[in-house]
Amino acid sequence: MRLIARKPSAGAVVAAALMLPWICMVAPASAHHAFAAEYDAKKHVILKGTVTKMEWINPHAWIHIDVKKADGNLEEWMIEFGTPNTLLRRGFTRDSLKPGTEITVDGYQAKDSALRANGRDVTLPDGKKLFAGSPVADAPYKDPGK
Amino acid sequence: MLMPAAAQQAATPQQPLASQLGPSASQHALDIGQFPPYKPARLPDGHPDLNGTWQSMVSADWDLQDHEAQPGPKPEINGVYGAGPAGQSIVEGGEIPYRPEALAKKKKNFETRAMVDVSNDKTWHALGDPEMKCYMPGVPRANYLPYPFRIVQSSGASNPYMLISYEYASATRIIRMNSKDEAPIPAWMGWSRGRWEGDTLVVDVTGFREETWFDRAGDYHSDQLHVVERYTPVSPFHLMYEATIEDPKVFTRPWKIRFPLYRHMEQDFQLLEFKCEPFTEEMLYGRFVKRPAP
Amino acid sequence: MTHRFAATLGIPAMVIAIGSLSLLMSQSPQTARKPATEPQRKSATSPALGSSEAPALKPSSFRTPWGDPDLQGVWNDATSTPLQRPTGVASKDILNDAEAEEFQDQLANNLSRNRRDGGSEVDVNRAYNEHWMDSRRLKVTADHRTSLIVDPPDGKIPPLVPISAERQKEHDERAAALARFNAGMPNTYLDFDLPIRCVVRTDMPPYMPIIYNNDFQIVQSPGYVVIAPEMIHSTRIIPLDGRPHIGKNLHEWLGDSRGHWDGNTLVLETTNFRPDTNIFQEADPATFRLTERFTRVDARTINYEYTVEDPHTWTRPWTVRIPWTRIDPAEQMYEYACYEDNYDVSHFLGGAREREKRGEVAQPIPHLPSVQ
């Protein structure tokens, strides 16, 4: 658990004392498995590739990318994402990430070393982050060091 | 639906029957599947009240077209359990108008209907009848599965949605009344938009996942599937259901199916749970289970 | 004290309204069920249960055309307010505006998927950034409570009672399966919980918000309320005519629900949970009792409240209140097929067998790093 080191106020005291992850506070019927069970924290990967297919499915959307290796060979990776339903409610469409798009994926590789990773971040060549940004203005980036 | 020659010729089939059969004419009409004229009960907004728990009685889930009785899988173990009855085609004209080149896939579907292989994501759906795997059955198949479903119909503009809740796999459809929205992504139960034409509920369904089948005989479609359903109350206890199926990639022309839906009249009847996923886990994932069990 | 405190600080009227509504509510008389030879059908001409004696209502109250309170729409219950009041705010059940904003900001920061602190062990769990999450999950409830639990007053789950040896064994088996799962080495699909197996997710009552797809479609018809949660595409078809529950030998994952109107509030009693299931908070399915109450507060709000009770698990009943916000027509609920495309199961199981072939022996992990 991470303590927030800043001048205590009522809200901060409350939040700092938050012991449990949110997901543990809900019914045991949790709908989101922990990534750490499937993906290896020691296998951080940065994959630059071209989108070949986008599977807008539940429980996880999957992006398929062809990653060019140093030796010129192509590796086919699949990247696990979240539920498309939430994106649709935010105005995204199934055409939001079309085949042929060049992207960089920041994630962690599967423990069994399959060419599979969970998608931490997706960046376009111009630096724009796909699916990123917070809907809450300014939050949540209160730098705890300040 | 096959009808006797006499009934097919007449604009009002009861007339020749009345002249020939006298007082037995109306009973004969029932016997050959004709409903007397009917004015349905209505909800406050004036539309017919389709609320109820319904179920079909055709054996179309085995095969939409004419089919003989057939044994189930492993009759040497299961005997009659799992066998299928004979049934007459519910397709208008009798046959599904496949494009000649599309028939090969139907044949392959049928031959591999009882196989599964989920070891490779790329071919996850290549084998096996989705119904066997407890996948959602799509439309119109959900309506002629041998299980009940409930139509939930509200009234008034404040809630422009109807629901159809299927006992099988707890599949659910939301029908968006008078909506012009397009399907955002493909769905197993499609994207349904409803409207009333007189006393008929017309539901336009698009946005299908291509993986659903029409029946256990391997009848199938592509991602271009477009279904238009018509639900018409024809008695306090029956809806007449019609669906027009269109898919230019697979069929040479649109085609229609038609059959009655029957109201469940058992006291306090309700849908029960048929979450069949646990029945298929060993079939799908048994190959990955640690053996011998620790 | 709560309401006076809230009024002093100008907390939104919802908190006060909830208290007032509970005073207004009166028991509506139950019409005796007529024995019938066919199912009773509520048509336009037959009165809805109790409607002829409903209390006089304001013109602005929400009613269906046949006279029932109207709960219809697409609703969302996402929030960052925790179930239990965090330690350190023992007596603070409601925050003032400034405190609430601070509380929310800190919770949002804790919950943020874009944080990079904590090292890779923590970071691996932060995949999917905010756009894959419910847009309302970083907000505290409008009434600024510090817990979703409203009773007991300390905002905590009551003390547990000792459980039977049999239940302890089941609990331990589940914990062992989870530990294998966390290590990425499950033995069988039964090592996964029901949500991962795509059998039930947020549709098993009582309803609790999680990180995404916290949506519910409610459609009513004469004599019924139907609740369709997004995950996993199921419907709860709730008759209001006083019929008995299904027989005691029938069990369901979602239980069997019966409803009635208590003034403007829909009251649901749910029984017949499956005895082999890990139900809410690991309660005992045989003695668990659940009562839920839905009250339409205004055009965009339902007050959802539930009381759970199980003498085999808790020393006393406890009650949770979660506001539901209407999201349609701007936002809609979509199909959540799950079992059909659940690659995870073959990835997890196939991956475990692959690692075993390579001689990997992973130690079971009881708890993964705490992170949102």
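Please refer to the structure higher up on the page.
Residues numbered from 1 in each chain as written. Chains lettered and ligands numbered in written order. Predicted model: local features only at pLDDT ≥ 70, side-chain atom pairs only at ≥ 80, totals over all residues.

Across its full length, chain C holds six helices and ten strands. When burial is assessed residue by residue, chain C has 49% of its 372 residues classed as buried. The long-range fraction of contacts in chain C, counting pairs at least 24 apart against all pairs at least 6 apart in sequence, stands at 66%. (Helix = DSSP H or I, 4+ residues; strand = E, 2+ residues; numbered from the N terminus. Buried ≥ 20, exposed ≤ 12 C-beta atoms within 10 Å, placed from the backbone. Contact = placed C-beta atoms within 7 Å.)

Negative phi characterises most residues that are not glycine, and trans characterises most peptide bonds. Residue and element names in this part refer to chain C. Across the junction of D151 and P152, the peptide omega takes the value 15°, indicating a cis bond. Structurally, P152 is set in the loop between strand 2 (149-151) and helix 5 (165-182). A cis amide bond links M231 with the next residue in sequence, I232, at an omega value of 10°. Turning to its location among the elements, I232 is positioned in the loop between strand 4 (224-229) and strand 5 (236-239).

Glancing now at the pairing of strand 3 (residues 161-166) of chain B. Residue and element names in this part refer to chain B. Across the six residues that make up strand 3, a large majority, six, are buried. Residues Y161, L163 and S165 of strand 3 are buried on one face, and the alternating residues M162, I164 and Y166, pointing to the opposite face, are buried as well. Alignment of strand 2 (residues 149-153) against strand 3, held across five bridges, turns out to be antiparallel. Within strand 3, the residue paired with Q153 across the bridge is M162. Hairpin connection, strand 3 to strand 4 (residues 172-177): the antiparallel pair is bridged by five residues, and A169 has positive phi, about 55°. (Pairing = 2+ DSSP bridges.)

Turning to the pairing of strand 5 (residues 191-197) of chain B, a few remarks are in order. Residues and elements named next belong to chain B. Note that strand 4 and strand 5 share three bridges and pair parallel. Within strand 5, the residue paired with M177 across the bridge is G194. Examined bridge by bridge, strand 5 and strand 6 (residues 200-206) share seven bridges and lie antiparallel to one another. Across the sheet, residue E197 finds its bridge partner in strand 6, namely T200. Counting the residues between successive antiparallel strands, the hairpin from strand 5 to strand 6 contains two residues, one of them, G198, with a positive phi of roughly 60°.

Listed in full, the buried residues belonging to helix 7 (residues 277-285) of chain B are B:E277, B:E281, B:L284 and B:Y285. Along the axis of helix 7 of chain B, the buried positions cluster into a sector of 85°, meaning they face one direction only. Those residues of helix 7 of chain B that are buried are in contact with helix 6 (343-357) of chain C. (Arc of directions from axis to C-beta.)

This next bit is on the nonpolar core. The biggest cluster of nonpolar side chains holds 153 residues, and the ones touching the most others in it are A:I79, A:A117, B:L163, C:I218, C:V225 and C:V226. In this view, A:I79 contacts A:W62, A:I63, A:I65, A:V105, A:G107, A:A117 and A:G119; residues no more than four positions away in its chain are not counted. (Core = buried A, V, L, I, M, F, W, Y, C linked by C-beta atoms within 7 Å.)

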